[in-house]
Amino acid sequence: MSRNTQFETVPEDLPKDLSEDLPRDLPRNSFEKQPGRLVVFEGVEGSGKTTQIKAVHTWLMETHWLNNRQESPLFSQCVATREPGGTGLGQQLRQLLLHPASDEPLQDRTELLLYAADRAQHVAGMLKPLLAQGALILCDRYTDSTIAYQGYGRQLDRPLIDQLNQIATGGLQSDLTLWLDLDVELGLARAQRRGSRDRIEQATIEFHHRVQQGFTDLAKTFPARIVRIDASQPSEQVTQQIQTVLIDRLGKWAKE
Ligand code: Z5A
């Protein structure tokens with residue numbers, strides 16, 4: 001998908017089923033008064049984050065939360081972005097992290113710091129300004145990925161990771177995290193069907209299982225923020241699960 005772009009067009013093939021259930025009795029907030037919201041998609045490789053962000057964005061643009069044809073949409077715009085690589089500098093860091101030019105091994109702490117640098121640039125340069133303008137942001141990975149990959153996967157010190165996440169985000173947390181839960185082997189098989197594997201996809205299967213354990217533990221620890229989505233279902237059904245969660249959250253946010 002194209003990243004960091006506001007999707008201006010409304011495609012023809014919208015999933016319309018659930019949008020009819022959207023509540024119509026919203027308070028007339030203008031987005032000058034309403035803060036933006038950060039919705040994060042997390043999960044193992046190939047769990048369908050990119051596919052779902054695209055589908056959910058398309059659906060949201062047709063709803064009254066965002067549709068500019070409505071009198072007062074709740075959000076000023078909907079922006080899809082990702083980590084690593086949500087900014088210009090971030091794209092260079094992403095290249096270093098996933099497709100390094102040199103054979104020199106990337107040390108675990110170097111990897112951690114590069115993800116933190118990408119996040120610091122993303123949060124201060126893009127996420128916070130957009131949220132201040134009342135945007136709804138759909139972000140492919142955020143702080144939980146660092147806990148799952150560098151904490152559980154690389155087994156780096158958790159207090160160090162929490163501290164770096166805090167420094168990089170300035171305390172900005174997601175309003176909602178959708179955890180696309182999928183069996184590790186299935187996800188890797190899906191991702192590998194696309195062709196060449198990046199540096200992290202080439203890690204051992206034990207590494208990927210530890211990452212999955214990380215997401216499982218995080219979802220148990222933060223049940224209000226992290227919602228589990230069954231990502232083993234066909235794509236359209238995964239989208240419907242996400243729509244159901246979002247309709248509930250958007251309704252609550254509209255009343256706050
Ligand atoms: N990382 C980290 O270590 N620490 C951090 O702090 C952060 C990240 C922020 C980013 O890579 C890497 O950085 C990532 C974690 C690490 N590790 N790796 N590798 P990325 O952004 O390139 O990759 P990814 O985030 O893992 O995403 P992905 O592999 O591109 O997968 P995805 O976006 O979740 O899935 P997809 O592209 O939507 O779908 C994959 C394929 O499956 C595709 O062919 C789809 O058509 C298909 N698909 C999707 N949904 C379905 C369903 N429901 N059924 C069947 N097939 C499906």
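Residues numbered from 1 in each chain as written. Predicted model: local features only at pLDDT ≥ 70, side-chain atom pairs only at ≥ 80, totals over all residues. Heavy atoms only, no water.

## Focus: the overall build of the protein chain
Next up, step 1: When helices and strands are tallied, the protein chain shows eight helices and five strands.
Next up, step 2: Helices and strands appear in the protein chain in the N-to-C order β-α-β-α-α-β-α-α-β-α-α-β-α.
Next up, step 3: Residues counted as buried form 53% of the 256 residues belonging to the protein chain.
Next up, step 4: Here the analysis covers contacts within the protein chain between residues at least 6 apart in sequence; of these, 82% occur between residues at least 24 apart.
Next up, step 5: Here the protein chain has roughly 12,200 Å² of accessible surface; of this, 49% comes from carbon and sulfur atoms. (Helix = DSSP H or I, 4+ residues; strand = E, 2+ residues; numbered from the N terminus. Buried < 20%, exposed > 50% of the residue type's maximum accessible area, 1.4 Å probe, protein only. Contact = heavy atoms within 4.5 Å. Areas by Shrake-Rupley, 256 points an atom, 1.4 Å probe, with all protein chains shown as cover.)

## Topic: the site of the ligand
Next up, step 1: Neighbouring the ligand are 26 residues, the closest being Glu45, Lys49, Thr50, Thr51 and Arg94.
Next up, step 2: Between an oxygen atom of the ligand and a main-chain N or O atom of Gly48, the distance comes to 3.0 Å.
Next up, step 3: Within the contact set of the ligand, an oxygen atom lies 2.6 Å away from a side-chain nitrogen or oxygen of Lys49.
Next up, step 4: Starting from 1,100 Å² of accessible surface for the ligand in isolation, the protein chains cover 85%. (Near = heavy atom within 4 Å. Polar contact = N/O pair within 3.5 Å; in protein donor to acceptor, adjacent residues only side chain to side chain.)

## Structural notes on the packing of helix H1 (residues 49-62) against helix H8 (residues 235-255)
Next up, step 1: The contact between H1 and H8 brings their axes to 10 Å, and the two run at 55 degrees. The angle between H1 and H8 places the two elements in the oblique class. As for the relative orientation of H1 and H8, their crossing is right-handed in sense. Contacts between H1 and H8 involve Thr51, Gln52, Ala55, Val56, Trp59 and Leu60 from the first element and Ser235, Val238, Thr239, Ile242, Gln243, Leu246, Ile247 and Leu250 from the second. (Axes fitted to C-alpha atoms, helices over the stretch in contact; angles between N-to-C directions. Parallel < 35°, antiparallel > 145°, perpendicular 65-115°, else oblique. Left-handed = near helix turned anticlockwise from the far one by under 90°.)

## Focus on the environment of Phe215
Next up, step 1: Mapped onto the fold, Phe215 is located in helix H7 (residues 205-221).
Next up, step 2: Judged by relative accessible area, Phe215 falls into the buried class, the value being 3%.
Next up, step 3: Note: C-alpha distance between Phe215 and Ala148 (67 residues apart in sequence) is 6.0 Å.
Next up, step 4: Those residues in contact with Phe215 that sit more than four places away from it in its chain are Glu42, Gly43, Val44, Arg141, Asp144, Ser145, Ala148, Tyr149 and Trp179.

## Looking at the packing of aromatic side chains
Next up, step 1: Evaluation of the coordinates by the stated rule reveals two aromatic pairs.
Next up, step 2: When the ring of Tyr149 is compared with that of Phe207, the centres are 6.1 Å apart and the planes differ by 50 degrees; the resulting orientation is tilted. Of the two residues, Tyr149 is situated in helix H4 (residues 143-153) and Phe207 in helix H7; the sequence distance between them amounts to 58 residues. Per residue, the accessibility class of Tyr149 equals that of Phe207, and both read buried.
Next up, step 3: Plain terms: the ring middles of Tyr149 and Phe215 are 6.3 Å apart, the flat faces sit at 75 degrees to each other, and that makes the pair edge-to-face. Taken together, the residues span a long stretch of sequence, with Tyr149 in helix H4 and Phe215 in helix H7 at a distance of 66 residues. In this structure, Tyr149 and Phe215 share a single accessibility class: buried.
Next up, step 4: Members of the aromatic cluster, joined through ring pairs, are Tyr149, Phe207 and Phe215.
Next up, step 5: One residue, Arg119, lies across the ring of Tyr142, its end atom 5.5 Å from the ring centre.
Next up, step 6: Over the ring of Phe222 we find Arg225; its NZ or CZ atom is 5.0 Å from the centre of that ring. (Phe/Tyr/Trp six-rings, centres within 6.5 Å; stacked < 30°, edge-to-face > 60°. Lys NZ or Arg CZ within 6 Å of the ring centre and 35° of its normal.)

## Points about helix H5 (residues 158-169)
Next up, step 1: Taking 1.5 Å per residue, 12 residues should reach 16 Å; H5 reaches 16 Å between its end C-alpha atoms and fits that length.
Next up, step 2: Within the sequence span of H5, burial applies to Ile161, Leu164, Asn165, Ala168 and Thr169. The arc that holds every buried residue of H5, seen down its axis, measures 120 degrees, which confines them to one face. Exposed residues pointing more than 90 degrees away from the buried face of H5 are listed as Pro159 and Ile167.
Next up, step 3: On the buried face of H5, the contacting elements are helix H3 (108-132) and H4.
Next up, step 4: A positive backbone phi angle near 60 degrees is found at Gly170, which sits one or two residues after H5. (Expected span 1.5 Å × (residues − 1). Arc of directions from axis to C-beta.)

## Remarks on the environment of Thr239
Next up, step 1: Within the secondary structure, Thr239 is located in helix H8.
Next up, step 2: Ignoring any residue separated from it by four or fewer positions in sequence, one finds Thr239 in contact with Gln52 and Ala55.

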